[in-house]
Amino acid sequence: MESVLAAWQVATLGGIVSWIMISSCLNVTQKLRSLLQPWVTHYVIIGTPFILQIQKYQHKFLDSLFSGLSCVVSVPFYTGFLPLVFWSGHVKLARHMTLLMAFCDYLGNTIKDTVSAPRPSCPPVRRVTATKDEKENALEYGLPSSHTLNTVCLAGIYLGMHSLVDIIAGLALGLAVLAFWLTVHEYVDNFIISGHNVLSFWSALSFLLLFAYPTPELPTPSFEFHTAFNGVTLGIVAGVHLTYYQFHHEAAPLIFSPQLSIPAFVGRILVGMPTILLVKFCSKALAKWIVPVISNTLGIPIKSTSYIPMLNAPVKGKESDKIKQSSYAQKLFFFSGQDIFDVDTGIRFLQYAGLAWSVVDLAPSVFAHLRL
């Protein structure tokens, strides 16, 4: 049985490596983009009058309402909300939500950057970007709509972020992902809880998924979002696998039960939130030291876009950002001329992995010690 498990793990990782090599050699991303982008762009343009009709009902209340709804699918919301689900005792729901959202994030952003379809033109469309996250999200490409993919359809139209074709694509993709997830989620969960080679397999999978990502036509923050959620998934999987029978089993105390009262849950929040934020800070600081050291040891030229200013490379502009998102696989498998590694990717990945691990391992250990 163990040999069978090892076989499918090797086949999965080997398949991803093969896809990275084949897609790079055959220039698959550019070929798909040349086929799909003109078609999608056409429907974005002809769908603009529909968005303008909706935005005729502009009101400050609606601006605030839909901006708030759009934040429900933002990274800060996930960072604050998912720990509460874990700590409330709904541990199985929480890990399924994390894995499903990570899958949606990777699939949605991969399609976005492959197609590189524009958002509705502004002007004439009024784009509401009241928060920093909305301004950052506006830098991404449009199709499919991540908001729709995460079931928040209406907010993405009103805010001028997506065209009708983005919404339809997001809805169709969301239904397909949900149907697939309902088929495989129990198998995935059982593997995480009691499978063989879980940590080594998921670490290798997470690493390869940093390479199995398309280069967008122009730089976007989508790859950064994918890197963060990829790290979160690794941290959750590792923590749950190591501490399942301690903190994440089916009999874990639920909120409102005698074993987990409201005061105890509030205590978990007051202790847990500072704990995971401290771990995130320490993980980032440690990664800023480790990643450059490892890269230099391996002889890989490095740069840092934002985390380590002293490592700024002479490469600038669009080409620099393209290197950040594409050259890792080329460097690793083909030793291309684009050989500058942006350490921000590794730092971001490790800090979010540390954050997620602390949510499901360190913080529950602290709660147990404090009898919360």
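Bear in mind the structure is a predicted one, so any value in this text is a computation, not a measurement.

Peer 1: Any details on the overall build of the protein? Residues and values, ideally.
Peer 2: For the protein, the helix and strand inventory stands at 15 helices and two strands. Going through the 372 residues of the protein one by one, you find that 49% of them count as buried. Sequence separation of 24 or more characterises 80% of the internal contacts of the protein that already satisfy a separation of 6 or more. Summing over all exposed atoms, the protein offers an accessible surface of approximately 17,900 Å²; the carbon and sulfur share of this is 71%.

Peer 1: Can you explain empty space enclosed by the protein? Please cite residues and give values.
Peer 2: Under the criterion given, the structure shown has two cavities of 30 Å³ or more. By volume, the largest cavity amounts to about 200 Å³. Lining the largest cavity are 16 residues, and of these Tyr 78, Thr 79, Leu 82, Val 232 and Leu 355 sit closest to its centre. The dominant element in the lining of the largest cavity, judged by the number of residues it contributes, is helix α5 (residues 75–87), at six residues. Each residue belonging to the lining of the largest cavity can be placed in one class, and the counts come to 14 nonpolar, two polar and no charged.

Peer 1: An account of the pattern of salt bridges is needed here, citing residue identities and associated values.
Peer 2: For the coordinates displayed, the defined rule picks out three salt bridges. In this structure, Glu 186 engages Lys 92 in a salt bridge whose closest nitrogen and oxygen atoms are separated by 3.2 Å. Residue Glu 186 is located in helix α10 (residues 164–194), and its partner Lys 92 is located in helix α6 (residues 91–115); the two are separated by 94 residues in the primary sequence. Among the residues examined, Glu 186 registers a relative accessible area of 32% and is labelled partly exposed. Here Asp 189 ties to Arg 95 by a salt bridge, and the two come within 2.5 Å at their closest N and O atoms. Here Asp 189 is found in helix α10, whereas its partner Arg 95 is found in helix α6, with 94 residues between them in sequence. When sorted by exposure, Asp 189 lands in the same class as Arg 95, which is buried.

Parameters and conventions
- Residues numbered from 1 in each chain as written.
- Predicted model: local features only at pLDDT ≥ 70, side-chain atom pairs only at ≥ 80, totals over all residues.
- Heavy atoms only, no water.
- Helix = DSSP H or I, 4+ residues; strand = E, 2+ residues; numbered from the N terminus.
- Buried < 20%, exposed > 50% of the residue type's maximum accessible area, 1.4 Å probe, protein only.
- Contact = heavy atoms within 4.5 Å.
- Areas by Shrake-Rupley, 256 points an atom, 1.4 Å probe, with all protein chains shown as cover.
- 1 Å grid on protein atoms, 1.4 Å probe; cavity = no way out; pocket = protein on both sides within 12 Å on 5 of 7 lines; lining within 4 Å.
- Points joined across faces, edges and corners; volume = space filled by probe spheres on them.
- Nonpolar A, V, L, I, M, F, W, Y, C, P; charged D, E, K, R; others polar.
- Salt bridge = Lys/Arg side-chain N within 4 Å of Asp/Glu carboxyl O.

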